[in-house]
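Structural overview for review
Listed here are the chains, written in short residue letters.
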Amino acid sequence: MTANISRRGFLKTAAAAGAVLYVGATADGAAAAGSSDAMLNPFVKIDSDGNVIAIIKHFEKGQGPATGLSTLIAEELGVTMEQIGYEFAPSDPQVYNNLLFGPFQGTGGSTAMANSWMQYRTAGANAREMLIKAAAQAWGLDTADLDIQNGMITDGRKSAPLGDFVAAAAEIAPSETPRLRDQSEWKIIGKESTRRLDSAIKVNGQAQFGMDLHLPNQMVVMIKRTPQRGGVVAGFDDSAAKDVKGFIMAMPLPTKHGVAVYAENTWAAMQARAAVEVDWDTSAAETRSSQEIRDEIMAALDAAPVYNVNKADTNAVALAVDEAAQVLEKTFYFPLLAHAPMEPMNCTIEQTADGDIVLHDGAQMPTGPHMAYQQIFDLPAEKIRINTMLAGGSFGRRATPDADYQVEAGLAFVMTDRSRPVKLVWDREDDIRGGYYRPATGHKVRIGLDADGKITGWEHQVAGQSIMKGTAFEAMAVKDGIDHSTVEGLADNPYVIPNMAVGLTDTEKATSVLWWRSVGHTHTAYVMEVMMDMAAKAAGRDPVEFRVAYLEGGNKDAQRKAGVLKLAAEKGNWGNPAAGNVQGIAVHKSFGSFVAEVVEVSGTPDDGIQIEKVTAAVDCGIAVNPDVIRAQTEGAIGYGIGHAMRDQITLDGGEVEQYNFPDYEPLRISDIKAIETHIVASAEAPTGIGEPGTPPSAPALANAIAQLDVRVAELPMSENGVSFA
């Protein structure tokens, strides 16, 4: 879904926030009198030298908004990608809110491009028209005779750089209806030659991530956390830590959820933390094992569901299945999964001479910590500042309903005299053992087929742990008791399936659960696409043809889904694998985008499966940056397949058993020999791409392996009958 904001609404919002026509944007955001620099609107800043800066409201964790949103401004303004830079927006939800999240500034749900498409184009077009009006006045020309091309204002005979007119442009009222460039005029949007703005700095080491930050005189703090989620500090002994060179002090957090260990550097903090002994009160902590959690979910699947998700006539559906010529049944289970980004959680906090609190962080949802810090430090919003930095991945982990690690840093800082900055550091073990996890979930499905192999009924029950219930997002995300994130991609699937009933039961949460790359689609796509494959086989039909039969004649979503399915089959040479190889296919809609994937494998489940190639077809509307789309699709495929192959988080008495990459293994470069992505040409408004490549990847692999007579219904595959080369 794309959010559209009217140009009038855009201007009113910006003006109300006091961010339009600031002349001379200084480091602290104030206006510099006499300067000829101008912030022409909240998203475009141009200095007197003509340097254009795009103000990016979505944080950059590798998914590409710094490039994508800059592309929109560059195109509309009339500059090249070499002539534009970017800065991350300050924390201000009144100006930089995610239009799909309401009055909340944040990145997630693959919404960066979807909610900013019109907003950033309008910003660039407004800046262009203001500069052109200034030049027209100076030159005595009609604005219709002028344009901006390659960073120069020109009428075809006479040209001048943007910087010559910045000050004058800042005095001109913006248009309520700036002209957006027609697609025929585009020189950057959709072009294969457009490359990422942040690649060079990430390659040459100039890019600064949160973990790289080192402020003068800073302390490092690490938290000794309870091994069982929910435990609290009953007492601690730091006498042994005092022997560690660089140790400063240790104190329990005000919440008692851990002991903060301060040191002069990270190594000293690690050593001192290991030396601190803590007595934990685990009376309210998680104590279940993974098997107990699984048993609870399976028991819920055996009972009647609590919620009728799609308001189906369940008796009629059950009868349609029971009376069918064939009945297919399958039960699935999906374990807890960690996010495991390459950069573990971290942030740095300091207090300025004016008493402002500054958080330096790869902030995925800055509104969360901003609000929390107002309470922690008893300060008004304007005294809290967030410096958003690059993040080394997230997959959802940096955005939690309770701003967990930022709150830890705030509490650790407020316990000091605030004379020294404090840098909070998580290590890999903290991240794996003390983080937030993709919920454990189970599915039970019964499908009826008639004598001709057509679906007569589909009973589908889901049981699992709600992400949204009990959080600040419950009011927004839960309706009639149903957490949509648990059943998304199932209840709203574009397949036209007769007599389908979807039921849901919530089970008790294990530790802390959180959205994980593609959220509920990670398991709903797997079940839907495996069951469609099973139904195709039972009907004696080709899996592609079988799926197309339940898409053609449907709505636009069904047609677009059929389109990527056919394209993936064509480009993946469906039905004609290399000698000795087998193929599987899957297709899914998520976050407004459509992705189909063909996975071709060699080997056997006993001797080892080798993934030879993944061919993907993507329809995400207008392809703003094809290079970014391909990169994100490749990453999403690897992320989905890698976790399905071998990863899970298990609990023993409430304690996480995995600790680092040796036993929570990321995808290896040798696991997938090749990935090929094909992008559908589209005139639809852009939709998400950071997550949609993940859902169909695992079921496409599972469907390939099923050709070798192993149907995997419980993940990870390596624990359920499949070995990998």
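The shown structure was predicted, so the numbers you read here are calculated from the model rather than taken from an experiment.

Core analysis: the biggest nonpolar cluster contains 72 residues, and Trp458, Tyr526, Leu701 and Met717 have the highest contact counts within it. Tallying contributions element by element places helix α15 (residues 521-539) first for this core, with 10 residues. When neighbours within four sequence positions are excluded, Tyr526 is seen to be in contact with Phe332, Phe334, Ala698, Pro699, Ala702, Val712, Leu715 and Met717. Counting residues in hydrophobic clusters, the runner-up holds 58 residues, among them Ala89, Met113, Tyr120 and Ile153.

Next up on the list: helix α18 (residues 626-646). Taking 1.5 Å per residue, 21 residues should reach 30 Å; α18 reaches 31 Å between its end C-alpha atoms and fits that length. Most of α18 sits out of view: 16 of its 21 residues are buried.

With respect to the helices and strands, Gly690 occurs in the loop between β32 (675-679) and α19 (697-706). On the basis of relative accessibility, which here comes to 17%, the residue Gly690 falls in the buried class. Taking C-alpha positions, Gly690 is 9.3 Å from Gly62, a pair spaced 628 residues apart along the chain. Contacts of Gly690, omitting those with residues within four sequence positions, involve Ser110, Arg517, Gln632 and Ala636.

Moving on, we come to the packing of helix α2 (residues 65-77) against helix α4 (residues 112-139). Taken N-terminus to C-terminus, the directions of α2 and α4 make an angle of 35°; their axes are 7 Å apart at the nearest point. In the packing of α2 onto α4, the handedness of the crossing is right-handed. Across the interface between the two elements, Pro65, Gly68, Leu69, Leu72, Ile73, Glu76 and Leu77 of α2 pack against Ala112, Met113, Ser116, Trp117, Tyr120, Arg121, Gly124, Ala125, Ala127, Arg128 and Leu131 of α4. For the contact of α2 with α4, the per-class residue count stands at 12 nonpolar, 3 polar and 3 charged.

Bringing the side chain of Gln658 into the picture now. Positionally, Gln658 belongs in the loop between β31 (655-656) and β32. Within the structure, Gln658 has its side chain in polar contact with the backbone nitrogen of Thr650 (distance 2.9 Å). For Gln658, the contacting residues outside a window of four places in its chain are Ile432, Arg433, Gln648, Ile649, Thr650, Asp663 and Tyr664.

Moving on, we get to helix α10 (residues 367-376). When α10 is considered as a whole, its buried residues turn out to be Thr367, Pro369, His370, Ala372 and Tyr373. Buried positions along α10 lie against α3 (93-96), β17 (346-351), β18 (357-361), β19 (384-388) and α11 (404-414).

This brings us to unusual backbone geometry. Residue Pro716 is reached from Leu715 by a cis peptide bond, and omega for that bond is 5°. Looking at where Pro716 falls in the secondary structure, it is placed in the segment after α19. Notably, Ala403 is not glycine yet its phi reads approximately 45°, a positive angle. Backbone geometry at Phe591 places phi at a positive 55°, although glycine is not the residue there.

Before going further, it helps to spend a moment on the sheet that holds strand β6 (residues 147-149). Taken in spatial order, the 3 strands line up as β6-β7-β8 in an open sheet, and their pairing is antiparallel. If you trace the sheet from one side to the other, it starts and ends with β6 and β8 (159-161), each paired once. Strand-to-strand twist of the sheet, defined as the mean angle between neighbouring strand axes without regard to direction, takes the value 35°. Pairing analysis gives 3 bridges linking β6 to strand β7 (residues 152-154), with the strands arranged antiparallel. Residue pairing for β7: Asp147 is matched across the bridge by Thr154. Those strands touched by α4 are β6, β7 and β8, and its axis lies near 115° from that of β6.

Quick look at the packing of aromatic side chains now. For the coordinates displayed, the defined rule picks out 14 aromatic pairs. Judged by centre distance (5.5 Å) and plane angle (85°), the rings of Trp139 and Phe165 are edge-to-face. Here Trp139 is found in helix α4, whereas its partner Phe165 is found in the loop between β8 and α5 (166-169), with 26 residues between them in sequence. For the pair formed by Trp139 and Phe165, the shared burial category is buried.

The next thing to look at is the environment of Thr226. Following the sequence through the fold, Thr226 ends up in the loop between β9 (219-225) and β10 (232-237). For Thr226 and Tyr639, which are 413 residues apart along the polypeptide, the C-alpha to C-alpha distance reads 29 Å. The residues touching Thr226, leaving out its near neighbours within four places in the chain, are Gly231, His257 and Trp280. Looking at Thr226, its side chain comes within polar contact range of the main-chain oxygen of Gln228, at 2.7 Å.

In contact at an axis separation of 8 Å, α15 and α19 are set at 30° when each is read in the N-to-C sense. As the angle between them shows, α15 and α19 are arranged roughly parallel. In this structure, α15 crosses over α19, and the sense of that crossing is right-handed. Contacts between α15 and α19 involve Ala525, Tyr526, Glu529, Val530 and Asp533 from the former and Ala698, Pro699, Ala702 and Asn703 from the latter.

Conventions used here
Position numbers for residues start from 1 in each chain and track the written sequence from start to end. Residues qualify for local features only when their pLDDT is at least 70, as the model is predicted, and side-chain atom pairs are given and counted only at 80 or more; totals for whole chains, interfaces and linings, by contrast, use all residues. Hydrogen atoms and water are omitted, and side-chain values are computed over all heavy atoms in the structure. Residues belong to a common nonpolar core when they are buried Ala, Val, Leu, Ile, Met, Phe, Trp, Tyr or Cys residues joined through side-chain atoms within 4.5 Å. Buried residues are those whose accessible area, probed at 1.4 Å on protein chains only, stays under 20% of the maximum for their type, while exposed residues exceed 50% and partly exposed ones sit between those limits. Secondary structure is summarised from DSSP: a helix means a run of H or I of at least four residues, a strand means a run of E of at least two, and numbering begins at the N terminus for each. Contact criterion: two residues are considered in contact whenever any of their non-hydrogen atoms come within 4.5 Å of each other. Here the expected length of a helix is defined as 1.5 Å per residue gap, with one fewer gap than residues. To get an axis, a line is fitted to the C-alpha atoms, and for a helix only the part in contact is used. The angle between two axes follows their N-to-C directions and goes from 0 to 180 degrees. The sense of a crossing depends on the near helix, which, turned anticlockwise from the far helix by less than a right angle, makes the crossing left-handed and, turned clockwise, makes it right-handed. Each residue is assigned to one of three groups, with Ala, Val, Leu, Ile, Met, Phe, Trp, Tyr, Cys and Pro labelled nonpolar, Asp, Glu, Lys and Arg labelled charged, and all others, Gly among them, labelled polar. Think of a polar contact as two N or O atoms within 3.5 Å of one another; within protein, one of them needs to be a possible hydrogen donor and the other a possible acceptor, and neighboring residues in sequence only count if both atoms come from side chains. Whether two strands pair depends on DSSP finding at least two bridges between them. The criterion for an aromatic pair is that two Phe, Tyr or Trp rings (for Trp, the six-membered ring) have centres within 6.5 Å, with stacked assigned to planes under 30 degrees apart, edge-to-face to planes over 60 apart and tilted to the rest. Note that the term roughly parallel is reserved for angles under 35 degrees, roughly antiparallel for angles over 145, roughly perpendicular for angles of 65 to 115, and oblique for everything else.

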